[in-house]
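Examining the three-dimensional arrangement
The primary structure of each chain is shown beneath.
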Amino acid sequence: SPTDYLLEDLLDSLTSNDIMQLKLLFNKKVYREHERVSFKINSSFGGYLSIFIAYQDSYRLLMTNQKIEASKQYSFPNSFFARKHLVAKKPYGTTKIYAILSRIPLDIESYLSNNSLDKVGEDLSLVNRFRKGVMVTYNNMGKPQREAEILGIGGVKFEVFRK
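As a starting point, this report considers the structure included with it. (Residues numbered from 1 in each chain as written. Predicted model: local features only at pLDDT ≥ 70, side-chain atom pairs only at ≥ 80, totals over all residues. Heavy atoms only, no water.)

Now for the overall build of the protein. When helices and strands are counted, the protein shows three helices and 13 strands. Relative to its full complement of 163 residues, the protein shows a buried share of 40%. Within the protein, counting contacts between residues at least 6 apart in sequence, those at least 24 apart form 68% of the total. Of the accessible surface of the protein, which amounts to about 9100 Å², a share of 50% is contributed by carbon and sulfur atoms. (Helix = DSSP H or I, 4+ residues; strand = E, 2+ residues; numbered from the N terminus. Buried < 20%, exposed > 50% of the residue type's maximum accessible area, 1.4 Å probe, protein only. Contact = heavy atoms within 4.5 Å. Areas by Shrake-Rupley, 256 points an atom, 1.4 Å probe, with all protein chains shown as cover.)

With that settled, consider unusual backbone geometry. F76 connects to P77 through a cis peptide bond whose omega is 5 degrees. Tracing the backbone shows P77 in the loop between β7 (73-76) and β8 (86-87). Residue P91 is bonded to the preceding K90 through a cis peptide linkage, with omega at 0 degrees. Within the secondary structure layout, P91 lies in the loop between β8 and β9 (93-102). Phi at H34 takes a positive value of approximately 75 degrees, unusual for a residue other than glycine. Mapped onto the secondary structure, H34 falls in the loop between β2 (30-32) and β3 (36-37). In this structure H34 comes out as partly exposed when scored by relative accessible area, which is 47%.

What is shown is where atoms sit, not what they do.
Spelled out as structure tokens, the structure:
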């Protein structure tokens, strides 16, 4: 069942750059511990953006439900938080940051919790089509089920090394 997935695996399988592009500044892929990390975000759709770090089955929220506009470039964290910095931290090795763009503000904590992982898959069914700029999920009979709450999931990953 979908709930056997680790959150990170599920998010990796749903991440796509079609709708939302996340790019590390200077395309940097390696950071020393405590070094500042920032990335650019560009989305084809406006909506509500939540950003978090996921590691296997746990996650740490960095931002929830910030409204963004279509086709406007943002940088994280600077566009959203004055004088706040995101710094590379343990665990060493690969860090993955995900961004979820939703049509409506999401209760992101319950959305990412274990018991709702099958809902995440349902919201972003792998068979998606666009209609009037809103993602519609189709059931196996080819009938539209409903507008999905999730418009897109993007991500970046980088390596963190000891200072």
